[in-house]
Amino acid sequence: MARVLGSFLLLVLVSSVALATDPSPLQDFCVADPNSKVLVNGFACKDPSLVQADDFYFDGLRMRGNTSNPVGSKVSTVFVHELPGLNTLGIAMARVDYDPWGLNPPHYHPRATELFTVLEGTIEVGFVTSNPENRFITKILHEGDVFVFPMRLVHFQRNLGNTNARAVSTLSSQDPGIVTIANTVFGSKPDISIDILAKAFQSSSDVIEKLQSKF
Ligand SMILES: *[C@@H]1O[C@H](CO)[C@@H](O)[C@H](O)[C@H]1NC(C)=O
C-alpha cells in the first residue's frame, strides 16, 4: 500500500515538473526554422542536415545594452528569436545593464522561472506573491549573488549605486515572454477605457490620462 502510494506521489511529482516548463524535446535538437509555414507550438525544425554551428551561436551580448531610456536599464534577450538553436530546449537567457539607479521595472514572465546573477554592482530585487497575501519579498544583492524569481510572479531590479551595474539571467523557457505591468495596463493598443482604470486604481481620470500618455 505504502509502495503504491509512493509510486503515485512520484508520478504526480514527475508530471507536475514536466508541466512547469517547456515540453521535453523528442530529438537531439530542433533548430527553429522561422521561414516554415508549419504552425506548431514553438517553431518547426530546420532540416537537421543543413544545421550549422552558427545556429547554436549568438554574439549579441558582447556590448553593453543601450540604457538611454526613461528607466535607465536595458534587457538584451537571448530567446529563441535571437538563437534558433534554443527551439524545444526549454531554456533562454538575458543580459541586463543598468545605469546608476537604473530600474528594470515590475514585470513577469508568463512561461518561465528566472535565475538572476549579479555580475557587477549592487542590485535591489523583489517579487510579490499572488492574492490574497501579496507578500513582498525583497533582497539586496552583491556581485556574484544569485536570486530566483518564481514563474509568473511580478518582480523588478534596481541598481543601488552611482556606477553602472550588470547582471545575467537564465530562464526556464525558450521564449519566456515579458509582461511589463505599466506597459500592459497603461500602454495597451488601443487604450483600456479611462473610467475602467480610474476605478481599478481608485484614482482620478487625469492621473490615468497622464499615465497613459507616458506608455
Ligand atoms: C541609444 O538609444 C537612444 C534612444 O533610443 C538613441 O537615441 C541612441 O542613438 C542610441 N545609442 C546608440 C549608441 O545606439
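Residues numbered from 1 in each chain as written. Predicted model: local features only at pLDDT ≥ 70, side-chain atom pairs only at ≥ 80, totals over all residues. Heavy atoms only, no water.

On inspection of all chains with the given rule, the structure shows one disulfide. In this model Cys30 forms its disulfide with Cys45; the gap between the sulfur atoms is 2.1 Å. With the S-S bond torsion at -105°, the cross-link from Cys30 to Cys45 turns out left-handed. With Cys30 in the loop between α1 (2-19) and β1 (73-78) and Cys45 in the loop between α1 and β1, this pair connects stretches of sequence that are 15 residues apart. (Disulfide = S-S within 2.5 Å. Helix = DSSP H or I, 4+ residues; strand = E, 2+ residues; numbered from the N terminus.)

Turning our attention to a nonpolar patch on the surface. Judged by side-chain polarity, Leu115, Val146 and Val148 come together as a nonpolar surface patch covering roughly 230 Å² of accessible area. Summarising the element assignment, Leu115 is placed in strand β4 (residues 114-120). (Patch = residues over 30% accessible without salt bridge, like charges linked within 9 Å, V, L, I, M, F, W, Y side chains within 5 Å. Areas by Shrake-Rupley, 256 points an atom, 1.4 Å probe, with all protein chains shown as cover. Salt bridge = Lys/Arg side-chain N within 4 Å of Asp/Glu carboxyl O.)

Counting residues in hydrophobic clusters, the biggest one holds 12 residues: Val96, Tyr98, Phe116, Val118, Ile123, Val125, Phe127, Leu141, Phe147, Phe149, Ala165 and Ala167. At the level of elements, β2 (92-98), β4, β5 (123-128), β7 (146-149) and β9 (165-171) are the ones that each hand at least two residues to this core. The greatest single-element share of this core, amounting to three residues, is contributed by β5. Sequence-distant contacts of Ala165, defined by excluding residues within four places in its chain, comprise Val96, Asp97, Tyr98, Glu120, Gly121, Ile123 and Asn159. (Core = buried A, V, L, I, M, F, W, Y, C linked by side-chain atoms within 4.5 Å. Buried < 20%, exposed > 50% of the residue type's maximum accessible area, 1.4 Å probe, protein only. Contact = heavy atoms within 4.5 Å.)

What follows covers the packing of aromatic side chains. Overall, the coordinates contain six aromatic pairs when judged by the stated rule. Aromatic side chains Phe29 and Phe56 sit 5.3 Å apart centroid to centroid with 75° between the ring planes, which places their arrangement in the edge-to-face category. One end of the pair, Phe29, is in the loop between α1 and β1; the other, Phe56, is in the loop between α1 and β1, and 27 residues separate them in sequence. Given a relative accessible area of 40%, Phe56 falls into the partly exposed group. Consider the rings of Phe136 and Phe156, whose centres lie 6.0 Å apart with planes at 25°: the pair is stacked. Taken together, the residues Phe136 in strand β6 (residues 136-141) and Phe156 in strand β8 (residues 154-159) connect sequence positions 20 residues apart. The partly exposed category is assigned to Phe136, whose relative accessible area is 45%. (Phe/Tyr/Trp six-rings, centres within 6.5 Å; stacked < 30°, edge-to-face > 60°.)

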